[in-house]
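# Residue-level structure breakdown
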Amino acid sequence: MTFTRNRIFSLGTILLVLFSRGLALADDGYELWLKYRTLDNAVLLSHYREAITSVILPGESGTIQIIRDELKRGLDTLLGAGLRFSASEPRGNALVLGTPASSAIVRRLLREGTLHSLGSEGYLIKSVTSSKNRLIVIAANGDIGLLYGMFHFLRIIQTRQPVVHLDIFSSPRIRYRLLDHWDNLDGSVERGYAGRSLWKWDALPEKIDDRYRDYARANASIGINGTVLNNVNANPAILKLEYLRKVAALADIFRPYGIRVFLSVNFSSPTSAKFEQEGNRKGGIGNLDTADPLDPQVRRWWKDKVKEIYRLIPDFGGFLVKASSEGMPGPQEYGRTHAEGANVLAEALKPFHGIVMWRAFVYDSSVDPDRVKRAALEFVPLDGLFYPNVFVQAKNGPLDFQPREPVQPLFGTMARTPLLLELQITQEYLGHSTHLVYLAPMWKEYLQFDLFSKGPGSTLASIVDGSSRTTDMTGIAGVANTGDDRNWCGHFFAQANWFAFGRLAWDHSVSAEQIANEWIRMSLTSDSGSCATISSIMMDSWEACVNYMTPLGLHHIMEVDVHYGPGPQHDSGREDWRSVYYHRADSAGLGFDRSSTGSNAVGQYFPPLRSIFDNLETCPEKYLLWFHHVRWDHRMNSGRTLWEELCERYTSGTDQVHGMYGQWLSLEGTIDPEVFSHVKNKLERQVIDAALWKDTCLSYFQHFSRKPVPGQR
Ligand code: GCW
């Protein structure tokens, strides 16, 4: 009996030890990049502990309380010591946070000019030394600026930077920095690969899920200041009072984190439900027979609805609209333009400083059979006709979030309309949440793309951040990759894309490599050897994906609807939809002729881009098959023929993934075991998928080229 009891006891002890060790070690990804692990470097620890002996943080607003909690949680854990918090003047070396209204030190520090340029969200982090003590001051005009400054300061410590001689000035380059959720009211997420929606609509507004705060906290830590809660394929029900109360509950939680809520709305909302027809998403929640934007009753309906929203959500951000696109209702049904449609909403939102984000993702073969030209054809004639509080929101490329596209030419040609850049964080066409693809290098390529619209240097970044225009209507949105999976994004490395989107939205001049390094150190390890390996995996991953999926400007050859695996053979007869339409393979060659003798999509770009793209000899090879139908025996820069180069790209793409896998295996034992095996499993799948892409595409294109695959018997 005694024996048994002892055995049970010791077994229990062992299990307890194992369990608690397991808990301490296992990383399930929930904490994202906000992991605060006690620093194991004694020199650094004493450097930080000496620099910060207490924290001075006056104020009691919701935001200040969040800052206090985060600093406690962060610094206490990172530095392994409890810090004293107070609201009064510091004794000894201290971290001081304040606004001109709350702190004399900050008042002394901030001169008028600096205050102005900090705006409502910017901050300073500055070392200030006096005879008595050394201070690190985080100063901002308001609490939200302090919140951002605080997260920046924690990032400095998480990434183990020194905290002496700090002199940081940071303010966002872009005003609206948004996540667009394609979340449906039934809990599903369109193009979501990380579980169900984060928003538990059935339980709201009474039940507040813990994750809402964690979501807001994560976004605030990277500077995201708005969220569009629901899918652009919008269910009109979102505007019913019942749902607006739920939205208001979320807005209340997000507000102290500096995050405003926005909604996608269905253009037919004012109409009666009796118009609902199977499949075409028409029929609204109102009682009108029409949604014609010029109808006075429709204008009244939107005004009343907007008033109702602002009564519940005083800082509501505005509406996102997908109209006259992919079956969504829109103004064109009533013979009205996109501008007339957007303006009826803008008029209603204006008194409350709300905005409209009107999407330019349209295609309609009556406008032009080359799908990539349609947005510009429909929208450029409307330039200057939108109300000032309207953005036209366009995807980065003219097609649809392909692994690589040239930039949407609209960004150059709609000079009088505020343009909001839509990026896709969720990897609809880049391997969902199975492939490791770090997207920052891709976004940087887009942002640095020169449209020449005002001569050389008219980069997409300068258009989006307004620096090449005179407007403060600047915005960027990322289609979110979040869901209710424990690790938020499905793939652990997909978290890096959420992180990178926020960092670039705040400051697009930061390099993809720096962002990767920050994320790795905050999320995975600070060991420099491991960091270098992980960084190299990440930095090469996008080019690898382009190579094994769609090299040399190929596009949209994914399997139909799912958009995951290869499907170059798809042909439905629907002109603008299936793979064969896009790749145009035939016995002569490969690629879509968009040159001046083809669809002339090149004509939508400014000179000299137009002629650079138009000419087969000057067109960058990365866009070759996007703009040209190229002979199989065409000589590429490498000296290979097109066919050989295609084979080489597909092969190097699969080799790169093998390489990534090998590099990952070398990390075993240096990073968290749970993360290690999670990523290992995903990479194993990616190796198989890359080979499938290569084999499927090469054997399919071989029917046309009728040439052997080099190295293959
Ligand atoms: O890329 C396509 C997607 C659709 C999406 C649409 C859009 C939300 O396949 O799922 O719908 O783009 O951006 O509106």
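Definitions and limits used
- Residues numbered from 1 in each chain as written.
- Predicted model: local features only at pLDDT ≥ 70, side-chain atom pairs only at ≥ 80, totals over all residues.
- Heavy atoms only, no water.
- Near = heavy atom within 4 Å.
- Polar contact = N/O pair within 3.5 Å; in protein donor to acceptor, adjacent residues only side chain to side chain.
- Core = buried A, V, L, I, M, F, W, Y, C linked by side-chain atoms within 4.5 Å.
- Buried < 20%, exposed > 50% of the residue type's maximum accessible area, 1.4 Å probe, protein only.
- Helix = DSSP H or I, 4+ residues; strand = E, 2+ residues; numbered from the N terminus.
- Domains from an automatic or database assignment.
- Pairing = 2+ DSSP bridges.
- Axes fitted to C-alpha atoms, helices over the stretch in contact; angles between N-to-C directions.
- Contact = heavy atoms within 4.5 Å.
- Parallel < 35°, antiparallel > 145°, perpendicular 65-115°, else oblique.
- Nonpolar A, V, L, I, M, F, W, Y, C, P; charged D, E, K, R; others polar.
- Disulfide = S-S within 2.5 Å.
- Lys, Arg positive; Asp, Glu negative; His and termini not counted.
- Salt bridge = Lys/Arg side-chain N within 4 Å of Asp/Glu carboxyl O.

With that settled, the discussion passes to the site of the ligand. In the region of the ligand, 15 residues are neighbours, and Glu 190, Lys 322, Arg 359, Asp 400 and Glu 428 sit closest. Here Arg 359 contributes a side-chain N or O atom positioned 2.7 Å from an oxygen atom of the ligand. Measuring from an oxygen atom of the ligand, one finds a side-chain N or O atom of Asp 400 at 2.3 Å.

Ile 52, Phe 153, Phe 254, Phe 319, Trp 498, Leu 646 and Phe 701 are the most contacted members of the largest nonpolar core, which totals 228 residues. With 11 residues, helix α22 (residues 673-705) is the single largest residue contributor to this core. Within the second largest apolar cluster, 13 residues are counted, among which are Ala 94, Val 106, Leu 118 and Ala 139.

Our next topic: the domain arrangement of the protein chain. By the assigned domains, the protein chain splits into domain 1 (26-170), domain 2 (176-509) and domain 3 (547-592 + 629-705). Domain 1 and domain 3 are separated by 47 Å when their C-alpha centres are compared.

This part is about the sheet that holds strand β1 (residues 54-56). The six strands lie next to each other as β2-β1-β3-β5-β4-β6, forming an open sheet whose pairing is mixed. Across the chains shown, the open sheet's two edge strands, defined by having one partner strand only, are β2 (84-86) and β6 (167-170). For this sheet, the mean angle separating the axes of adjacent strands, direction not counted, is 15°. Contacts from helix α3 (residues 62-79) reach β1, β2 and β3 (94-98), with the element oriented near 160° to β3.

Our next topic: the packing of helix α6 (residues 143-158) against helix α7 (residues 210-221). Where α6 contacts α7, the axes come no closer than 9 Å and their chain directions differ by 80°. Judged by the inter-axis angle, α6 sits roughly perpendicular to α7. Residue-level contacts link Leu 147, Tyr 148, Phe 151 and Arg 155 of α6 to Arg 217, Ala 220 and Ser 221 of α7. Of the residues assigned to the contact of α6 with α7, the class counts are four nonpolar, one polar and two charged.

So, on to the pairing of β3. In terms of burial, β3 is a largely internal element, five of the five residues being buried. Of the two faces of β3, the one holding Ala 94, Val 96 and Gly 98 and the one holding Leu 95 and Leu 97 are both buried throughout. The sheet contact formed by β3 and strand β5 (residues 134-139) spans five bridges and is parallel. Bridge pairing links Ala 94 to Leu 135 in β5.

The final tally for this structure, using the stated rule, is zero disulfides. The thiol sulfur of Cys 697 is not disulfide-bonded, and the nearest other cysteine sulfur, from Cys 647, lies at 11 Å. With relative accessibility at 0%, the residue Cys 697 sits in the buried group.

Moving on, we get to the side chain of Asp 180. Looking at the secondary structure, you find Asp 180 in strand β7 (residues 176-180). Look at Asp 180: it is buried, it has no salt bridge, and the nearest opposite charge is Arg 359 at 5.7 Å. Within the structure, Asp 180 has its side chain in polar contact with the side chain of Gln 393 (distance 3.0 Å).

Below, the discussion takes up the pattern of salt bridges. Applying the stated criterion across every chain yields a total of 35 salt bridges. For the salt bridge of Asp 304 with Arg 300, the shortest nitrogen-to-oxygen distance reads 3.4 Å. Within this pair, Asp 304 and its partner Arg 300 are both found in helix α9 (residues 296-312), separated by four residues, close to a single helical turn. Taking relative accessible area as the criterion, Asp 304 reaches 38% and is therefore assigned partly exposed. According to the relative accessible area criterion, Arg 300 is partly exposed, its value standing at 43%. Here the salt bridges share partners, and the residues they tie into one network are Arg 404, Glu 445, Glu 543 and Lys 622.

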